[in-house]
Amino acid sequence: MSTELTLEPKVEAALQLWHTMIETGDLSALPTIVAPDAQFRSPTGFKPYQSADAVVLILNTVIQVFENFEYHRQFAGANGRQVVLEFSANIGDKSLKGIDMVEFDEDGKIVDFEVMVRPASGLAALAAEMGRRLGQTLPNYKA
């Protein structure tokens, strides 16, 4: 049984903006699609980082850390407000694959952004570089 899932129009518009920002490497419009109470779930920690500021800071930093970042597939959730984006990237000589699981509200704003990464060597490289860049700042955003 195959059912095609579609996104709500505001979610589709926000997702298109996200893809454009990723393609251009310019995330300056990101705050316009992140809800004030959004949270970011890191692949390196259990508790989420909370607030739009945290989500924007983390995503703006990680896009600078990743090299050769590319999305490959996209899946939509049944409610029209959830997407899973499969990606690959490099950090130095380490390759990684992962998924972004993104949930939007009815206004097309990101409310939850969760990332999963493999293999462990790629995750370790990501954690080390993000820690080097944001290690002093990120704890302030923990739930």
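Within any chain, residue numbers begin from 1 and follow the written order of that chain's sequence. Whole-chain, interface and lining totals are the exception, using all residues; otherwise, since this is a predicted model, local features are given only for residues with pLDDT of at least 70 and side-chain atom pairs are given and counted only at 80 or more. Processing note: side-chain calculations cover all non-hydrogen atoms of the structure and skip hydrogens and water entirely.

1. What to know about the side chain of Asn-90
No. 1: As for its placement among the helices and strands, Asn-90 is situated in strand β4 (residues 82–91).
No. 2: Accessible area is worked out with a 1.4 Å probe on protein chains only. A residue is then buried under 20% of its type maximum, exposed over 50%, and partly exposed in between. For Asn-90, a relative accessible area of 18% puts it in the buried group.
No. 3: Think of a polar contact as two N or O atoms within 3.5 Å of one another; within protein, one of them needs to be a possible hydrogen donor and the other a possible acceptor, and neighboring residues in sequence only count if both atoms come from side chains. A distance of 3.2 Å separates the side chain of Asn-90 from the side chain of Asn-68, its partner in a polar contact.
No. 4: A contact between two residues is defined here by any heavy atoms of the two lying within 4.5 Å. Residues in contact with Asn-90, not counting those within four places in the same chain, are Val-65, Phe-66, Glu-67, Asn-68 and Ser-95. Runs of E in the DSSP output that reach at least two residues are strands. Runs of H or I that reach at least four are helices, and both are numbered from the N terminus.

2. Quick word on unusual backbone geometry
Note on backbone geometry: most residues besides glycine have negative phi, and most peptide bonds are trans.
No. 1: A cis amide bond links Arg-118 to the next residue, Pro-119, at an omega of -5°.
No. 2: Structurally, the position occupied by Pro-119 is in the loop between β6 (110–118) and α3 (120–134).
No. 3: Unlike most non-glycine residues, Asn-68 shows phi in positive territory, near 55°.
No. 4: Position of Asn-68 among the secondary structure elements: in strand β3 (residues 67–76).
No. 5: Exposure remark for Asn-68: the relative accessible area of 60% places this residue in the exposed category.

3. Concerning the sheet that holds strand β1 (residues 34–41)
No. 1: One open sheet holds the 6 strands; their spatial order is β2-β1-β6-β5-β4-β3, and the pairing between them is mixed. The sheet is open, and its two borders are formed by β2 (49–50) and β3, each paired with just one other strand.
No. 2: Two strands qualify as a pair provided DSSP detects at least 2 bridges between them. Bridge count between β1 and β2: 2 bridges; the pairing is antiparallel. The residue of β2 that forms the bridge with Phe-40 is Tyr-49.

4. Section: the nonpolar core
Generally speaking, soluble globular proteins have nonpolar side chains that are buried together.
No. 1: Note on terminology: a nonpolar core comprises buried Ala, Val, Leu, Ile, Met, Phe, Trp, Tyr and Cys residues joined through side-chain atoms within 4.5 Å. Residues Trp-18, Leu-30, Leu-59 and Phe-66 are the most contacted members of the largest nonpolar core, which totals 42 residues.
No. 2: When contributions to this core are tallied by element, the ones reaching two or more residues are α1 (9–24), β1, α2 (52–65), β3, β4, β5 (94–104), β6 and α3.
No. 3: Element by element, the count of residues in this core is highest for α2, at 8 residues.
No. 4: With residues near it in sequence (within four places) discarded, Phe-66 still touches Phe-87, Ala-89, Asn-90, Ile-91, Leu-96 and Leu-126.

5. Here we look at the packing of α2 against α3
No. 1: Helix axes are fitted to C-alpha atoms over the stretch in contact, other axes to C-alpha atoms as well, and angles between N-to-C directions run from 0 to 180 degrees. One way to put it is that α2 packs onto α3 with a least axis distance of 10 Å and a crossing angle of 120°. Classified by the interaxial angle, the pair formed by α2 and α3 is oblique. Crossing of α2 over α3 shows right-handed handedness. Listed contacts from α3 to Leu-57, Ile-58, Thr-61, Val-62, Gln-64 and Val-65 of α2 are Leu-126, Glu-129, Met-130, Arg-133 and Leu-134.
No. 2: Classifying every residue of the contact of α2 with α3 gives 7 nonpolar, 2 polar and 2 charged. We call two directions roughly parallel when the angle between them is under 35 degrees, roughly antiparallel when it is over 145, roughly perpendicular when it lies between 65 and 115, and oblique otherwise. Crossing chirality is assigned from the near helix's rotation relative to the far helix, an anticlockwise turn below a right angle marking it left-handed and a clockwise turn marking it right-handed. Gly is placed with the polar residues, together with every amino acid not listed as nonpolar (Ala, Val, Leu, Ile, Met, Phe, Trp, Tyr, Cys and Pro) or charged (Asp, Glu, Lys and Arg).

6. Topic: α3
No. 1: Helix span, as expected, comes to 1.5 Å for every residue beyond the first. Over its 15 residues, α3 extends 20 Å from the first C-alpha to the last, a length consistent with the 21 Å expected when each residue adds 1.5 Å.
No. 2: Gly-122, Ala-125, Leu-126, Glu-129, Met-130 and Leu-134 are the residues of α3 that are buried. Down the axis, α3 shows its buried residues gathered within 135° of arc, on one side only. Across α3 from its buried face, at more than 90 degrees, point the exposed residues Ala-120, Ala-128 and Arg-132.
No. 3: The inward-facing, buried residues of α3 abut α2, β4, β5 and β6. As used here, the arc is the angular range of directions from the helix axis to the C-beta atoms.

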